[in-house]
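In case you want the letters, here they are:
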Amino acid sequence: QVQLVESGGGLVQPGGSLRLSCVASGVIFTIDSMGWYRQAPGKERELVATITRSGSTNYADSVKGRFAISADNAKNTLYLQMNSLKPEDTAVYYCNAHAVRAIDYWGQGTQVTVSS
């Protein structure tokens, strides 16, 4: 089992920044990649960004150039730096760990609201 705990969400004005964190614990050695997903009201959960063990990253077109995913392996922590936030970035953000045997683990989610 892998446990994921997110933090860092909140209310921010358009154009502002936030940094999300996700601390992983448990059988971390089984994780192949990690990522951030988000779900806005009335919409399906969508991929925001992913990072592999080797450090390769992938971003949704809507966040390229504004968001940056990174990982601190020593702290077992995943980050998402979000800059130039827009109202359409408002959603619940979920941390994901994709492990061997195609097992997915999810955090409880953290709310990000972009509004003036």
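Please refer to the structure higher up on the page.
The sections below set out a description of the structure shown in this document. (Residues numbered from 1 in each chain as written. Predicted model: local features only at pLDDT ≥ 70, side-chain atom pairs only at ≥ 80, totals over all residues. Heavy atoms only, no water.)

1. What to know about the pairing of strand β1 (residues 2-7)
Cut-off, in case you're wondering: Type-normalised accessible area, obtained with a 1.4 Å probe on protein chains alone, sets the label of each residue: buried when under 20%, exposed when over 50%, and partly exposed for intermediate values. Helix and strand assignments follow DSSP, with helices taken as H or I runs no shorter than four residues and strands as E runs no shorter than two, numbered in order from the N terminus. Should DSSP find at least two bridges between two strands, the strands are regarded as paired.
Of the two faces of β1, the one lined by V2, L4 and E6 is fully buried and the one lined by Q3, V5 and S7 carries no buried residue. In this structure, β1 lies alongside strand β3 (residues 18-26), joined through six bridges in antiparallel fashion. Within β3, the position partnered with L4 by the bridge is A24.

2. Quick word on the packing of aromatic side chains
Centre-to-centre distance and the angle between the planes together describe a pair of aromatic rings. Our working definition: Centre distance within 6.5 Å is the pairing criterion for rings of Phe, Tyr and Trp, where only the six-membered ring of Trp is used; planes under 30 degrees apart are then read as stacked, over 60 as edge-to-face, and the remainder as tilted. Criterion for a charge above a ring: Arg CZ or Lys NZ at most 6 Å from the ring centre, at most 35 degrees from the ring normal.
This model, assessed by the stated rule, comprises one aromatic pair. Summarising the aromatic geometry, the rings of Y37 and W106 are spaced 5.1 Å apart at their centres and angled 70° between planes, so their arrangement reads as edge-to-face. You can see Y37 sitting in strand β4 (residues 31-39) and its partner W106 sitting in strand β10 (residues 103-106), a full 69 residues away along the chain. In this structure Y37 comes out as buried when scored by relative accessible area, which is 19%. The lysine or arginine in question, R45, covers the ring of Y94, its NZ or CZ lying 3.8 Å from the ring centre. Directly above the aromatic system of W106 lies the positively charged group of R45, at a separation of 4.6 Å from the ring centroid.

3. Digging into the state of the cysteines
What counts here: The rule for a disulfide is simple: a pair of cysteine sulfur atoms within 2.5 Å.
Counted by the stated rule, this structure contains one disulfide. Each sulfur in the disulfide pair C22 and C95 lies 2.1 Å from the other. Between C22 and C95, the disulfide has an S-S torsion of -80° and is therefore left-handed. On the criterion of sequence distance, the pair formed by C22 in strand β3 and C95 in strand β9 (residues 91-99) is long-range, its members being 73 residues apart. Each member of the pair, C22 together with C95, is buried.

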